[in-house]
Amino acid sequence: MTGESASVTTPVVGAKSEPTLPRSGPSSPNSKSVSPKEGSPEETTTGILPAQHWVEAAQDEEIDNSDAESAMGSLASSTASLTASILEYRKIHGRTYHSEIGNASYWGANDEQQNEAMDMYHHLFTLALDGKLFLAPLDAKNIHKVVDIGTGTGSWAIDFADDHPNVEVIGTDISPIQSTWVPTNLKFEMDDCTLDWTFSPNSLDYVHMRLLVGSIKDWEALFREAYKALTPGGWLESHECNAVYECDDDSVQETSALGQWGKLFAEFGRSIGRSFTVLPDGIQRKAMEAAGFVEISEADFKTPIGSWPKDPQLKEIGQYAQHVVEADTEGYILYPATALGWSREEVTVFAAHVRRELYSPKTHPWYRQKVVLGRKPLVA
Ligand SMILES: C[S@@+](CC[C@H](N)C(=O)[O-])C[C@H]1O[C@@H](n2cnc3c(N)ncnc32)[C@H](O)[C@@H]1O
């Protein structure tokens, strides 16, 4: 896979009987996208329904909870070059979360079930980008050192390193969940990206970040660190998703489980000061501008969830997106909902409602994804 071509496919508009689904935004890296606020449920007024609502609703319905208890994951076994404390995972209702490291706070589980879902996410992201790994106009012959911040299982970094064997690639994270079978030009480091970076100034040609939503208190500070570490002319690329599930046909009601999903994350993000409304608030562009980046451009994608799109490519993307959510529905929401005071039972029942709604042919949900590129000026 390669991302050398920065072009993005033109919007696809569905037939009248099918909800409209522009899959992607501008084709030029310099063009600006539609405002993410347009038609966003954030504009409406319904708040979060109480957790008990889902338990009561389930009493009248048949909800499949069978997979709820199968979420126990195993600890990552890769201990090379790690201190023991980094493997002292926190446990919440049988799921594991990263240990204390720096100022980091990440809401997702780091066990096997969540890691598998993250690997599927990687495939989904590349499908949505038409098989590209990145959109920055990199000159493959003139890049030497690349960093993937918050690399997760490292799938992106592995693919990038495979495609660029002469480039030194580093993936950083706060959980040691990466594969040990990696290309020789790739290494992983445990580091909290919200602290001062240890990379030498002007040493990186490209910095990639994906799905840090809900983990970052100060995006401008994060991007300032990237700016410092990049060489003049180097690129920063930030991929983020909106947690709100939208639709074009009223098939996702605000009071449905899918409609409540984004609200739950937004409320949790507010409570811990790490925003989940990165897209609606235009945080990526604002923070890049404030950090000094130039040639900033955006590309927007609307990713369907489910097999409802008629377009075969979108259908495939939608099916993958559905797998990603179903693969570990609880692993995404357990920590945020628990922090908001929900019980394990309430989370389990809510997750079952989410899965049931995803399976319903009556719902046509999609979510927004945004890629923002910025360049460190040649004369900085
Ligand atoms: C949703 S996952 C995305 C993983 C990967 N970027 C991808 O797109 O497949 C977010 C990752 O960011 C990591 N993370 C969260 N806060 C971090 C921090 N302060 N420093 C470094 N990594 C962090 C988490 O451990 C997790 O692996």
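What you are looking at is a predicted structure, and each value in this text was computed from that prediction instead of being measured.

Peer 1: I tried to follow the overall build of the chain on my own but got confused; where do I start?
Peer 2: Helix and strand content of the chain: 9 helices and 9 strands. Burial statistics for the chain: of 380 residues in total, 50% are counted as buried. Put simply, 72% of the contacts in the chain that link residues at least 6 apart link residues at least 24 apart.

Peer 1: Explain the packing of helix α5 (residues 257–272) against helix α8 (residues 329–339) to me, please; I cannot follow it from the model alone.
Peer 2: The geometry of a pair of packed helices is captured by two quantities: the angle between their axes and the separation between those axes. Close contact between α5 and α8 brings their axes to 9 Å; oriented N to C, the two are set at 55°. Considered as vectors, α5 and α8 are oriented oblique to each other. As for how α5 packs across α8, the hand of that crossing is left-handed. Contact residues: L264, F265, F268 and S271 in α5; I333, P336, A337 and A339 in α8.

Peer 1: Mind showing me how you'd approach the site of the ligand here?
Peer 2: The immediate surroundings of the ligand are formed by 23 residues, with A104, Y106, G150, G152 and R210 found nearest. Mapped onto the shell around the ligand, the elements with two or more residues apiece are α2 (112–128), α3 (155–163) and β4 (168–173). No other element matches the 3 residues that α2 contributes to the shell around the ligand. Classifying every residue of the shell around the ligand gives 9 nonpolar, 11 polar and 3 charged.

Peer 1: I tried to follow the nonpolar core on my own but got confused; where do I start?
Peer 2: Core analysis: the largest hydrophobic core is formed by 95 residues, its most contacted members being V207 and F223. If sequence neighbours within four positions are ignored, V207 has contacts with V147, I149, A226, A229, L230 and L236.

Peer 1: What is the right way to look at the packing of α5 against helix α9 (residues 344–359) in this model?
Peer 2: For the pair α5 and α9, interaxial distance at closest approach is 9 Å and the crossing angle is 125°. With respect to each other, α5 and α9 are oriented oblique. Taken together, the residues of α9 that come into contact with α5 (itself represented by A257, L258 and W261) are F350, H353, V354 and E357. A breakdown of the residues in the contact of α5 with α9 according to their chemical character gives 5 nonpolar, 1 polar and 1 charged.

Peer 1: What is the right way to look at the pairing of strand β8 (residues 294–304) in this model?
Peer 2: Regular strands place their side chains on alternate faces of the sheet. The buried fraction of β8 amounts to 8 of the 11 residues, a majority that puts the element mostly inside the structure. As judged from the 9 bridges shared by β8 and strand β9 (residues 366–375), these two strands associate in the antiparallel manner. Residue pairing for β9: V294 is matched across the bridge by R375.

Peer 1: Help me out: how do you make sense of the environment of G262 in this one?
Peer 2: Within the fold, G262 resides in helix α5. Considering only alpha carbons, one finds G262 and I48, 214 residues apart in sequence, at a separation of 9.4 Å.

Peer 1: Help me understand α9 in this model?
Peer 2: The terminal C-alpha atoms of α9 lie 23 Å apart, and with 16 residues this matches the ideal 22 Å at 1.5 Å per residue to within 8%. Along α9, the positions that sit buried rather than exposed are V347, T348, V349, F350, A351, A352, H353, V354, R355, E357 and L358.

Peer 1: Where do I start with the sheet that holds β4 in this structure?
Peer 2: Strands in a sheet are paired, the pairing made by backbone hydrogen bonds, and the direction either parallel or antiparallel. The 7 strands are arranged β5-β4-β3-β6-β7-β9-β8 in an open sheet whose pairing can be described as mixed. Looking at which strands have only one partner, the edges of the open sheet turn out to be β5 (186–190) and β8. Ignoring which end each strand starts from, the neighbouring axes of this sheet average 15° apart. Relative to β4, strand β3 (residues 145–149) runs parallel, the two being bridged by 5 bridges. Opposite K145, over in β4, you have E168 as the bridge partner. In the packing of α3 onto the sheet, contacts are made with β3, β4, β5 and β6 (204–210), and the angle to β4 comes to roughly 180°.

Peer 1: Is there a simple way to explain the pairing of β4 in this structure?
Peer 2: Burial within β4 is extensive, with 5 of its 6 residues counted as buried. Sheet topology places β4 next to β5; 5 bridges connect them, and they run parallel. Each bridged residue has a counterpart across the sheet, and for I170 the counterpart in β5 is K187.

Cut-off values and rules
Residues numbered from 1 in each chain as written. Predicted model: local features only at pLDDT ≥ 70, side-chain atom pairs only at ≥ 80, totals over all residues. Helix = DSSP H or I, 4+ residues; strand = E, 2+ residues; numbered from the N terminus. Buried ≥ 20, exposed ≤ 12 C-beta atoms within 10 Å, placed from the backbone. Contact = placed C-beta atoms within 7 Å. Axes fitted to C-alpha atoms, helices over the stretch in contact; angles between N-to-C directions. Parallel < 35°, antiparallel > 145°, perpendicular 65-115°, else oblique. Left-handed = near helix turned anticlockwise from the far one by under 90°. Near = placed C-beta within 6 Å. Nonpolar A, V, L, I, M, F, W, Y, C, P; charged D, E, K, R; others polar. Core = buried A, V, L, I, M, F, W, Y, C linked by C-beta atoms within 7 Å. Pairing = 2+ DSSP bridges. Expected span 1.5 Å × (residues − 1).

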